[in-house]
Amino acid sequence: MTTDVQEQPGLGSLRELRGVGPKLQEKLERLGLTRVEDLLFHLPLRYQDRTRITPMGSLQHDMEVLVEGTIDYAEIAFRRRRTLLCHVSDGTGSILLRFFHFSNSQKLAMERGRSIRCYGVVRRGPSSLEMVHPEYRVFKEDQEEPLDTALHPVYPATEGLQQKSLSRLIDQAIDRLDRLQDWLPEEILQDAGLPGLKDALLEMHRPDASVSIIDLVEGRNRAQQRLAFEELLAHQLSLGRARLRVRSLSADVLKTEGAMIPAVRQALPFSLTAAQQRVLDEIARDVSVPAPMLRLVQGDVGSGKTVVAAQACLMAIEAGRQAAVMAPTEILAGQHLEKFREWFEPLGLEVAWLSGSMKAAERREMNARIASGEASIIIGTHALFQDEVSFSDLALVVIDEQHRFGVHQRMSLRDKGRSDKHIPHQLIMTATPIPRTLAMTAYADLDLSIIDELPPGRTPVKTVAIADKRRAEVVDRVRHACTEGRQVYWVCTLIEESEALQCEAAEVTATQLADALPEVGIGLVHGRMKSADKEHVMQAFKNGELDLLVATTVIEVGVDVPNASLMIIENAERLGLSQLHQLRGRVGRGSTESSCVLMYHPPLGENGRRRLTAMRETTDGFEIARIDLELRGPGEVLGTRQTGEMQFRIADLLRDQAMVPEVQQAARRLMEQYPDHVQPLITRWLGRAQEYGSIG
Ligand code: ADP
Ligand code: MG
């Protein structure tokens with residue numbers, strides 16, 4: 001059963017609807033509504049429940065409800081402005097109605113003893129609960145007033161476009177519902193136990209009184225789930241298609257059984273964990289076929305991703321090709337450089353370096369070596385992906401700490417080193433564990449590997465939260481640690497995004513600590529220092545020449561100093577959970593027991609308290625990610641909020657995670673059995689402009 005897309009008549013243009021002239025059309029366009037079909041997918045933001053009356057005795061601030069009672073009396077008060085006050089009670093309690101704009105006849109109609117029914121939001125007033133400007137109707141007490149039989153939808157509106165007129169237009173669109181094509185085949189719907197599209201849309205727009213508003217709020221309504229399913233599916237299809245496009249290109253087959261791989265491995269002071277080995281096997285399988293690898297490796301901080309990346313690079317080198325490793329900061333890239341040199345130089349392999357802070361002449365020389373193929377392993381920052389860099393034979397790109405790059409960036413990076421239909425393999429490493437279902441959605445274009453095991457011999461970091469008024473005790477603790485020969489990080493944070501302020505705070509703290517701890521060797525790194533200076537300080541700390549490193553959150557990711565076993569984080573309550581976890585991952589890398597002190601400024605807010613509690617209770621990155629997702633939502637966790645990626649109209653990644661595996665299965669089925677349905681679904685939910693992978 002396939003349907004020819006071309007033959008679909010659609011539901012027509014807005015101008016065909018009653019009451020739509022050029023002006024209204026313009027307003028609708030402001031809401032992104034250009035076709036009749038769009039109106040059907042313009043779903044209510046929320047619903048008002050006027051199907052039942054709430055007793056006044058149970059009213060609370062902020063409730064939006066229908067109430068009914070008897071008018072005790074109405075009065076006009078002259079305070080700052082002329083106000084109509086109407087006192088109403090229903091035997092269980094009372095409420096005050098307040099109007100600032102009113103006519104005399106309105107006041108006269110509010111006769112004592114008459115019944116009144118009002119709909120509005122309850123507010124705590126100066127002396128009692130109130131409703132300000134509620135919708136209301138006065139009637140005789142013996143009159144029966146019927147209640148609504150359906151929930152009342154509230155649509156996202158725009159200025160000058162009333163709910164009523166929007167609702168009337170949607171009614172007209174609903175009249176044409178029969179012409180709407182349901183792109184989900186019956187069998188998929190049945191397996192998922194979901195209603196058809198028409199029924200689902202009708203229920204969302206015009207839910208009858210039997211529909212539970214609580215189910216709607218909590219996302220348990222079947223109609224809503226059906227639409228969320230379809231939206232997630234469209235998203236999955238879009239990424240899936242991007243993936244297919246890339247996979248249809250070719251890539252070099254790399255060599256996974258050369259002599260260098262075991263040579264490096266034997267020289268390591270440790271053996272790989274089972275998880276590292278498993279991930280390497282997955283990578284080896286990917287690069288043994290002439291299609292590009294697209295693999296995301298998730299591994300908690302300290303799980304040992306670097307050595308996995310290094311072994312993967314050797315697969316390219318053994319095949320006589322180039323490999324590039326990119327990290328988001330100079331410090332991190334520099335650290336990789338150091339590790340790679342330690343591992344590779346004994347084999348006579350040169351590791352090249354490219355960064356934005358290199359002198360122009362040096363850079364030119366390096367570019368020449370990269371272009372000629374003389375340099376085979378190149379480590380660097382974003383500088384690697386500038387136009388002037390051209391690789392002679394790039395076969396593998398490793399991107400470390402990928403959570404800072406979005407989907408689109410990821411795709412554009414693929415273009416580097418591609419020739420015609422030939423692109424490099426890609427390995428992406430992230431230390432931000434993302435709950436599996438979220439990863440399956442956000443990275444549906446990638447294969448997932450997880451390093452779910454830490455190297456042996458690590459003792460979990462002990463974490464405590466301490467109010468900042470006990471700072472002196474914390475400073476003592478630092479002194480004590482340093483005299484024992486341990487090394488300490490002191491992390492300064494500020495809520496301001498201004499880097500300048502953060503750096504200033506770090507400078508001030510470093511000076512204060514130097515005064516308080518004259519016997520301790522203190523270094524300072526922050527984002528505004530020249531990278532050579534930063535490097536110098538970091539190196540000194542690594543070499544053990546400094547005891548205490550005061551830093552801004554620049555040390556958040558990746559920095560590896562195994563002898564550091566105490567970390568102090570100032571203003572910890574202001575940082576996100578993942579960031580705290582990343583920071584804490586800087587300690588606990590050696591064999592000494594490590595601790596982390598979270599200093600906070602009381603009183604703690606609800607979220608701050610939950611974050612600090614979570615940090616104290618677990619060191620498991622996946623558990624932290626799960627809690628973080630609950631506290632902040634998917635957009636923040638994925639770091640895509642600013643870029644506008646992963647914004648759903650009806651689906652909610654947190655709420656709907658349980659359906660993700662089924663969505664994924666449906667996506668595969670659709671691509672195989674109903675390829676004609678793919679494009680219409682993507683267009684319906686993502687529009688043409690926002691599709692992923694248009695570059696692919
Ligand atoms: P991350 O996954 O956070 O990037 P790294 O690659 O920096 O972690 O590794 C953290 C530390 O653990 C490094 O000092 C590294 O040499 C060490 N390491 C990596 N793998 C193992 C292993 N299998 N056994 C012991 N130590 C290891
Ligand atoms: Mg790392």
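Structure: above.
Here's what I pulled together on the structure shown here. (Residues numbered from 1 in each chain as written. Chains lettered and ligands numbered in written order. Predicted model: local features only at pLDDT ≥ 70, side-chain atom pairs only at ≥ 80, totals over all residues. Heavy atoms only, no water.)

**Brief notes about the side chain of Asp252**
Next, step 1: Relative to the helices and strands, Asp252 resides in the loop between α8 (222-247) and α9 (260-267).
Next, step 2: Classification of Asp252 by relative accessible area gives buried; the value is 11%.
Next, step 3: Of note is the side chain of Asp252, whose polar atom sits 3.3 Å from the side chain of Arg321.
Next, step 4: Asp252 has contacts with Val287, Val289, Arg321, Asp393, Ala395, His422 and His425, leaving out every residue within four places of it along the chain. (Helix = DSSP H or I, 4+ residues; strand = E, 2+ residues; numbered from the N terminus. Buried < 20%, exposed > 50% of the residue type's maximum accessible area, 1.4 Å probe, protein only. Polar contact = N/O pair within 3.5 Å; in protein donor to acceptor, adjacent residues only side chain to side chain. Contact = heavy atoms within 4.5 Å.)

**Focus on the sheet that holds strand β21 (residues 595-600)**
Next, step 1: The strand order β16-β21-β20-β17-β19-β18 describes an open sheet built from 6 strands, whose pairing is parallel. For this open sheet the edge positions go to β16 (462-467) and β18 (522-525), each flanked by a neighbour on one side alone. Put simply, the sheet's adjacent strands are angled 20° from each other on average, direction ignored.
Next, step 2: The pairing of β18 with strand β19 (residues 548-551) spans 4 bridges and is parallel. Looking at the pairing, Gly523 lines up with Leu549 of β19.
Next, step 3: Strand contacts of helix α18 (residues 531-542): β17 (487-491), β18, β19 and β20 (564-569), with the helix running at about 140° to β18, the strand carrying the most contacts.
Next, step 4: On top of the sheet, helix α20 (residues 606-617) reaches β16 and β21; it is set at about 150° to β16, its chief contact. (Pairing = 2+ DSSP bridges. Axes fitted to C-alpha atoms, helices over the stretch in contact; angles between N-to-C directions.)

**A word on the state of the cysteines**
Next, step 1: Within the structure shown, the criterion is met by 0 disulfides.
Next, step 2: Of all cysteine sulfurs, the one in Cys492 lies closest to Cys482, which takes part in no disulfide; the gap is 15 Å.
Next, step 3: For the unlinked cysteine Cys596, the closest cysteine sulfur is that of Cys492, found at 14 Å. (Disulfide = S-S within 2.5 Å.)

**Some words on the site of ligand 1**
Next, step 1: Within the structure, ligand 1 sits among 17 residues, and Gly302, Lys305, Thr306, Arg458 and Asp560 are positioned closest to it.
Next, step 2: Note that an oxygen atom of ligand 1 is positioned 2.6 Å from one of the backbone N or O atoms of Gly302.
Next, step 3: Here an oxygen atom of ligand 1 sits 3.3 Å away from a polar atom, N or O, in the side chain of Arg589.
Next, step 4: Residue composition of the shell around ligand 1, grouped by class: 4 nonpolar, 7 polar and 6 charged. (Near = heavy atom within 4 Å. Nonpolar A, V, L, I, M, F, W, Y, C, P; charged D, E, K, R; others polar.)

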